[in-house]
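In case you want the letters, here they are:
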Number of protein chains: 2
Amino acid sequence: METIRSTMMPVPLSLNRLLEHAGRQFPQSEVVSRLPDKSLRRHTYSDLYRRTRALAAALRQLGLRKGDRVATLCWNHHAHLECYFGIPAAGGVMHTLNLRLAPDDIGWIAHHAGDRFLVVDDILLPLYRQFATAHRFERVIVFRFGGTPVAGEAATTEAAAGEAAAGKPAAGRAAGAEAPPPFEDYERLLARAPADFEYAAHDENDPVAMCYTSGTTGKPKGVVYSHRSTVLHSLSCALPDYVGLSCADTVMPVTPMFHANSWGIPYAAVMLGAKLVFPGPHLHPEDLLDLMQAEPPTLTLGVPTIWLALIQACEADPGRWRLPAGMRSMVGGAAVPESLIRQFARHGIRIAQGWGMTETSPMGSLFFEKPELRGSLGEDEWFARKALAGIPGPLVEVRIMGEDGPCAWNGRDVGELQVRGPFIAGSYHGEDPDSGKFTGDGWLRTGDVAAIDPQGYIRIADRTKDLIKSGGEWISSVELENAIMAHPAVAEAAVIAVPHPKWLERPLACVVRKPGAALEADELLRFLAPGFARWQLPDAIEFIEAVPRTSTGKFWKAKLRERYAGWEWP
Amino acid sequence: METIRSTMMPVPLSLNRLLEHAGRQFPQSEVVSRLPDKSLRRHTYSDLYRRTRALAAALRQLGLRKGDRVATLCWNHHAHLECYFGIPAAGGVMHTLNLRLAPDDIGWIAHHAGDRFLVVDDILLPLYRQFATAHRFERVIVFRFGGTPVAGEAATTEAAAGEAAAGKPAAGRAAGAEAPPPFEDYERLLARAPADFEYAAHDENDPVAMCYTSGTTGKPKGVVYSHRSTVLHSLSCALPDYVGLSCADTVMPVTPMFHANSWGIPYAAVMLGAKLVFPGPHLHPEDLLDLMQAEPPTLTLGVPTIWLALIQACEADPGRWRLPAGMRSMVGGAAVPESLIRQFARHGIRIAQGWGMTETSPMGSLFFEKPELRGSLGEDEWFARKALAGIPGPLVEVRIMGEDGPCAWNGRDVGELQVRGPFIAGSYHGEDPDSGKFTGDGWLRTGDVAAIDPQGYIRIADRTKDLIKSGGEWISSVELENAIMAHPAVAEAAVIAVPHPKWLERPLACVVRKPGAALEADELLRFLAPGFARWQLPDAIEFIEAVPRTSTGKFWKAKLRERYAGWEWP
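Residues numbered from 1 in each chain as written. Chains lettered and ligands numbered in written order. Predicted model: local features only at pLDDT ≥ 70, side-chain atom pairs only at ≥ 80, totals over all residues.

This part takes up the overall build of chain A. Broken down by element type, chain A carries 17 helices and 26 strands. A compact globule built from 570 residues should have a C-alpha radius of gyration of about 25 Å, and chain A, at 24 Å, falls within 12% of that. For chain A, the spread of C-alpha atoms along the principal axes amounts to about 75 × 75 × 50 Å. Across the 570 residues of chain A, 56% fall into the buried class. Across chain A, every contact between residues at least 6 apart in sequence was considered, and the portion connecting residues at least 24 apart equals 69%. (Helix = DSSP H or I, 4+ residues; strand = E, 2+ residues; numbered from the N terminus. Rg over C-alpha atoms; globule rule 2.2 N^0.38 Å. Buried ≥ 20, exposed ≤ 12 C-beta atoms within 10 Å, placed from the backbone. Contact = placed C-beta atoms within 7 Å.)

We now examine the relation of the copies chain B and chain A. The second copy of the chain is related to the first by a rotation about an axis and a shift along the axis. Between the two copies, chain B and chain A, the superposition gives an RMSD of 0.1 Å; the rotation angle is 180 degrees and the shift along the axis is 0.0 Å. In short, the pair behaves as if placed about a two-fold rotation axis. Taken as a fraction of all interface residues of chain B, those also at the interface in chain A reach 100%, which identifies the copy contact as same-surface. (Least-squares fit on C-alpha atoms with pLDDT ≥ 70 in both.)

Moving on, we get to the sheet that holds strand 19 (residues 415-420) of chain B. Residue and element names in this part refer to chain B. The strand order 18-17-19-20-21 describes an open sheet built from five strands, whose pairing is antiparallel. Two strands in the sheet have a free side with no partner beyond their single neighbour: strand 18 (405-406) and strand 21 (458-463). As judged from the five bridges shared by strand 17 (residues 397-402) and strand 19, these two strands associate in the antiparallel manner. Counted as the bridge partner of R399 is Q418 from strand 19. (Pairing = 2+ DSSP bridges.)

Residues and elements named next belong to chain B. Taken together, the nine strands give an open sheet; going across it, the order is 2-1-11-10-12-13-14-15-16, and neighbouring strands pair in mixed fashion. Looking along the sheet, the strands with just one partner apiece sit at the ends: strand 2 (40-44) and strand 16 (391-392). Examined bridge by bridge, strand 13 (residues 328-331) and strand 14 (residues 350-356) share four bridges and lie parallel to one another. Bridging across to strand 14, M330 finds its partner in A352.

Another aspect to go through is the confidence of the model for chain A. Overall, the prediction assigns chain A a mean pLDDT of 90, with 94% of residues at 70 or greater. With pTM at 0.87, the complex prediction returns an ipTM value of 0.87. (pLDDT = per-residue confidence, 0-100.)

Let us now look at the interface of chain B and chain A. At the interface, 61 residues of chain B touch 61 residues of chain A. Mapped by element, the contributors of at least two residues to the side of chain B that touches chain A are helix 1 (15-25), strand 9 (222-226), helix 8 (227-237) and helix 10 (265-272) of chain B. Here the side of chain B that touches chain A gets five residues from one element, more than from any other, and that element is helix 1 of chain B. Residues of the side of chain B that touches chain A, tallied by class, amount to 30 nonpolar, 20 polar and 11 charged. (Nonpolar A, V, L, I, M, F, W, Y, C, P; charged D, E, K, R; others polar.)

Next up on the list: the packing of helix 11 (residues 285-294) of chain A against helix 12 (residues 304-316) of chain A. All names here are of chain A. Put simply, helix 11 and helix 12 touch, their axes get as near as 9 Å, and they point 75 degrees apart. As judged from the angle between their axes, helix 11 and helix 12 are roughly perpendicular. Each of P285, E286, L288 and L289 in helix 11 lies in contact with helix 12, whose residues at this interface are A309, L310, A313 and C314. (Axes fitted to C-alpha atoms, helices over the stretch in contact; angles between N-to-C directions. Parallel < 35°, antiparallel > 145°, perpendicular 65-115°, else oblique.)

A word on helix 4 (residues 103-113) of chain B. Residues and elements named next belong to chain B. Of the residues making up helix 4, those classed as buried are I106, G107, I109, A110 and A113. Seen end-on, helix 4 carries its buried residues on one side only, within an arc spanning 165 degrees. Positioned one or two residues after helix 4, G114 has a phi angle of 70 degrees, which is positive. (Arc of directions from axis to C-beta.)

Negative phi characterises most residues that are not glycine, and trans characterises most peptide bonds. In the segment running from S361 of chain A into P362 of chain A, the intervening peptide bond is cis, with an omega of 5 degrees. The backbone of K38 of chain B sits at a positive phi, close to 75 degrees, despite the residue not being glycine.

Residue and element names in this part refer to chain B. Along the chain, the position of V140 falls in strand 6 (residues 139-143). In sequence terms V140 and P126 are 14 residues apart; their C-alpha atoms lie 13 Å from each other. When neighbours within four sequence positions are excluded, V140 is seen to be in contact with L118, V120, P181 and F183.

A separate point is the environment of R144 of chain A. Residues and elements named next belong to chain A. Structurally, the position occupied by R144 is in the loop between strand 6 (139-143) and helix 6 (153-165). We classify R144 as partly exposed; it has 17 C-beta atoms within 10 Å. Taking the C-alpha atoms as reference points, R144 and V120, 24 residues apart in sequence, are found 8.7 Å from one another.

Another aspect to go through is the pairing of strand 13 (residues 328-331) of chain A. Residues and elements named next belong to chain A. Across four bridges, strand 12 (residues 299-302) lies against strand 13 in parallel orientation. Note that in strand 13 the partner of L301 across the bridge is M330. A crossover links strand 12 with its parallel partner strand 13, the connecting element being helix 12, and its sense is right-handed. Once you follow strand 13 into helix 13 (residues 338-346) and on to strand 14 (residues 350-356), the crossover reads as right-handed. (Right-handed = clockwise from strand over helix to strand, strands pointing away.)

All names here are of chain B. Bridging between strand 14 and strand 15 (residues 363-366) involves three bridges; their strand directions are antiparallel. Looking across to strand 15, one finds that G354 is bridged to L366. Hairpin connection between strand 14 and strand 15: a loop of six residues separates the two successive antiparallel strands, and S361 in this loop has a positive phi of roughly 80 degrees.

Residue and element names in this part refer to chain A. One can describe the packing of helix 1 (residues 15-25) onto helix 3 (residues 78-89) by two numbers: an axis separation of 9 Å at closest approach and a directional angle of 125 degrees. Viewed along their axes, helix 1 and helix 3 adopt a mutual orientation that is oblique. Handedness of the helix 1/helix 3 crossing: left-handed. Here L15, N16 and L19 of helix 1 lie close against helix 3, whose contacting residues are F85, P88 and A89. Broken down by class, the residue content of the contact of helix 1 with helix 3 amounts to five nonpolar, one polar and no charged. (Left-handed = near helix turned anticlockwise from the far one by under 90°.)

Below, the structure is given as structure tokens:
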């Protein structure tokens, strides 16, 4: 019998296709950015399309070659979005630097990635100067976000363009820390870009972007996304049961664009023509609330600590702000306390918890309600279920690996959550593939301990490193934290394992009281008692000023463990 | 500088992944099928998963090899859905035969495709026998949809299983039309399937299914879909602005599963855990309305003629049925008259028109309202816009090719609609790639004449072959038909080009009056006059009994052109 082949066109998946679609189909959609002076700048997708292609043309004129890394050190704004699409359009790889890391670490990461160019906000130049000696960029392109003129840029831009055109290496390209690289002005580059731009030819597996893991558990590791993975993630996360992204949405990404690409949402939003509202550097709760009044979002995204602060600010000053009606909030990056979901529900805001990592592009799973659960759950059950990490996307395979092999999906058996799929990392940039993060049969070891119930919902019990091993039993720090944060006098709480002479480890609760609230350890323990076995309760409660946070706003438990390393149990 | 590669896992796109996701994540979702006796049979996704894998195991035991074609001759029901996933799971290619074609044509197509096995509904065995001599299947698997016992199947099934296990060719496999192939019973095969099934290893470009074009413009041509194209189409069509498919949906595919795979919706619905309601062989308006009362859908799909008949039946017997509140209807396969959209809107039903072809998997574009249009359009403008073919999906590139190259998107310039993308055909099975259907630069020539407006909405002016060339001007038959069908006394209408001694061609309108309605040509022409230039109006109006239809329910204008080939203009 004749063999048969697919008759489908061999068209590669491409980020450029998404940009073309956006520019042609949604020319009137808006991109709004909040500037450092708190004013708003407005662009249309027609501007986005034109400016992004100009950026790509300019980068190529500056000598960008295929696969070259271009770092960004920027807040969330329209020019950063232009980098998301423009750097890959020219064949480059966008590398978002995390401006909340220590300068030495930023320099280390830029050097490890081999970044050639840098796009930096003018207001972040002081930070840049702190790591400029750790890695020498060939060119530094300054986006005048704050409006300050870029000293000496005119001369160097022209000189650089001339050199590139003549095929000569730029001055100082041979590295060495002696002379600082020339500064270019972002807007001037765009204005002078050649008009006849054509996208770089590419395979769908060619890289488009890279992010380093936040490195709270060791050296940061580079994850490199491809055209293929980015398009597949965009399609998957936008599905109705997941983020449910539409051209009618107004999306406010509070999650930084340097944190897992703002969860990949900017790519998906542009693909679908959604309005984008970027908060710029203004992430204080009052600022976000002000922005929500001016440009009411239908969808926001951020880590739980951001929303915790926001709802407290909102409730502390009743009548000053109104949370936009019908807004939905995607919350991830850390476990979402059930109390937070309840608190937002009282304001009519639907919180959907997701689970993911830099390695998973990052949407691994998201909570949504299955129709068969409707009406069958009491209020408490419903909120408990909403605090689960949800259901994986259709392209994400999940399994729970126990000590004796894969666990049943019975909601009880816990083990390491492992995942597999076309937008999940199978290695790290420049690392030995046998790093211990991947199984022999090709799954990513997430380091999260989880169970899956018969309905397919994932419950994250804890990070492997945050579990408390008490005697032969495990205690979940996440469950204790959620219960503590449900107390009305508690602002936030972190529970850590502290070495114990008899039990190996025992839980210590670090609790931040709400301003002016009076709460003592005894009362809190009485509050917790009904929900836990006696041996699961913390042995001590420490009242502290604030929980230390990582660069991405998550609780930094490693810091707390250091602080209490010498703790003596009574 | 170091070269950089994506660190993403090389996981292929796979239909098997969608089945696994459905079976694991949505075990309680339902599949409801209407049987020939009009009773309903219910399955869960848990059943679907188990039965589909059993089918795949059974096919392999019967000797199915990778790439073998397995034809289906079935109505819309759960076992057909099992074939959608089970045949590819075993490594085979599902080929849906169109039961509305002439038996000789079905036989020709089965032979051209090289189909090895056939899955057939018992109630369609009389049809099968009419083409059994044109193509000899090695095995015929009978699904007892109507419940009739399959004569002699027990003996042959056992014999066949024994032979396959022993590696011997089945009796009569060497073809020749002498002995009829043995019949197997579908349920018995499933019941006896080995339990240790593993998916066939595959590349994402391996074929999963094939469909032949309906062949109203020549010999049918085979389109072969791949794992990749099917997964990408499923993700794309399910996006919120397009079909917007969710696990909360109840989908009733009236579009036959042998017509462009029921528009690919069964794949997407299963991927997302939606409830499916299959009408079986009962497609009369009254039957569909009955089924809508019993299992109210949130989403239906079908060609315009189905909905035209349905709404007329519904309005002819007020109070007997209620169209399900909030239901949305995807309508495609032919131009949707604006009057139909208005009529459904009066019942609160939202009709979304799509455009596509067998060659486009098939969703090329779908109508949705952009937020900037809200409130800015008067009612007439709004309905006129809803009658457009909509906006292409993010992975579908479109262009309008005029005589002098690509047309501007100004809403006026018309040319041939050409499309490109990863789920669009670039060739036909067993045909010379240079068939005239593809451009030199790799686009599909759709044969549709269209314009695109500055908002990106596609307006299909006509099929190339249905345009009327009058003097040096083109007249759109679709626009005339839509205007005629807006007359309250008209049930349906088709406008064709008839040769004319002076003008080359002139329009002739073939009109079907509603039962009991009195309408004369003069009145109809007066009704049309305000919307058209004088020379665009039909030169004659013929009142006929019914517009002939193709096997897929579309107006068959070629038949009308034959009928009026000898027409003499007055």
